[in-house]
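# Structural overview
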Amino acid sequence: EEAILYAYTAAIAACSKPTSASLPTREEKSWENDSNYRSIEFLLSLLHEMEHGYFCGKHLVRPNSYTLTAVLLGVDGGLDALKVLDRFEKDYGNDGGARTVDDNDGIVTVQVYNAAISACSRSKNNSAEKRVSRIDGWQVALSILQRMRRYGPSPND
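Quick caveat, the model's predicted, so the values are computed rather than measured.

Parameters at a glance
Residues numbered from 1 in each chain as written. Predicted model: local features only at pLDDT ≥ 70, side-chain atom pairs only at ≥ 80, totals over all residues. Heavy atoms only, no water. Helix = DSSP H or I, 4+ residues; strand = E, 2+ residues; numbered from the N terminus. Contact = heavy atoms within 4.5 Å. Areas by Shrake-Rupley, 256 points an atom, 1.4 Å probe, with all protein chains shown as cover. Axes fitted to C-alpha atoms, helices over the stretch in contact; angles between N-to-C directions. Parallel < 35°, antiparallel > 145°, perpendicular 65-115°, else oblique. Left-handed = near helix turned anticlockwise from the far one by under 90°. Nonpolar A, V, L, I, M, F, W, Y, C, P; charged D, E, K, R; others polar. Phe/Tyr/Trp six-rings, centres within 6.5 Å; stacked < 30°, edge-to-face > 60°. Buried < 20%, exposed > 50% of the residue type's maximum accessible area, 1.4 Å probe, protein only.

Helix and strand counts for the protein stand at 8 helices and 2 strands. If you take every contact in the protein between residues at least 6 apart in sequence, the share linking residues at least 24 apart comes to 70%. Total accessible area computed for the protein in this model is approximately 9,300 Å², and 52% of it derives from carbon and sulfur atoms.

A separate point is the packing of helix 3 (residues 40–53) against helix 5 (residues 78–92). The relative placement of two packed helices is expressed as an angle between their axes plus a distance between the axes. In the contact formed by helix 3 and helix 5, the axes pass within 12 Å of each other and the chain directions differ by 15°. As summarised for this structure, helix 3 and helix 5 are arranged roughly parallel, according to the angle between their axes. Like other packed secondary-structure pairs, helix 3 and helix 5 cross with a definite hand, here right-handed. Facing Ile-40, Leu-44, Leu-47 and Glu-51 of helix 3, the residues of helix 5 in contact are Asp-80, Val-84, Arg-87, Phe-88 and Tyr-92. Classifying every residue of the contact of helix 3 with helix 5 gives 6 nonpolar, no polar and 3 charged.

Below, the discussion takes up the packing of aromatic side chains. According to the stated counting rule, one finds 1 aromatic pair in the structure shown. Taken together, a centroid distance of 6.0 Å and an interplanar angle of 50° make the contact between Phe-88 and Tyr-92 tilted. On the criterion of helical spacing, the pair formed by Phe-88 and Tyr-92 is a turn pair, its members being 4 residues apart in helix 5.

You can see Gly-93 is positioned in the loop between helix 5 and helix 6 (110–120). In this structure Gly-93 comes out as buried when scored by relative accessible area, which is 14%. Setting aside its immediate chain neighbours within four residues, Gly-93 contacts Phe-88, Gly-106 and Val-108.

Spatial relationships are all this shows, so hold off on functional conclusions.
Written out as structure tokens, the structure reads:
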């Protein structure tokens, strides 16, 4: 079970970010338009495949906080980060029954919140998100921080 978990976590992390050698030049299409590997849907589909495509004994292969963080590394923009974080809190919250390395805490850890906050800094000024919502990344980042303080793990966990 752990080997499958680690393999999927590594694959999700690899698909979350392009290598510096593959970054486009100004004359080329942007990475986001040129590939589906970084799309939220693709990353979440890998997570779903990991959980529902493999059964080890009687247990499903469940993600850990590293897996969730890897998904969030591929998210650009605060509203998308909020959407993914909402799903993670619902599915894997501290009482969600998902396993961790220590098997005694929830997997929506401080590191997962940090990755969601970091995604807010990757919002583009000309993105559809900003035109539609009029919400800046820093505002969403503060919202996620407040949420973590109220409902999530303590900042030193």
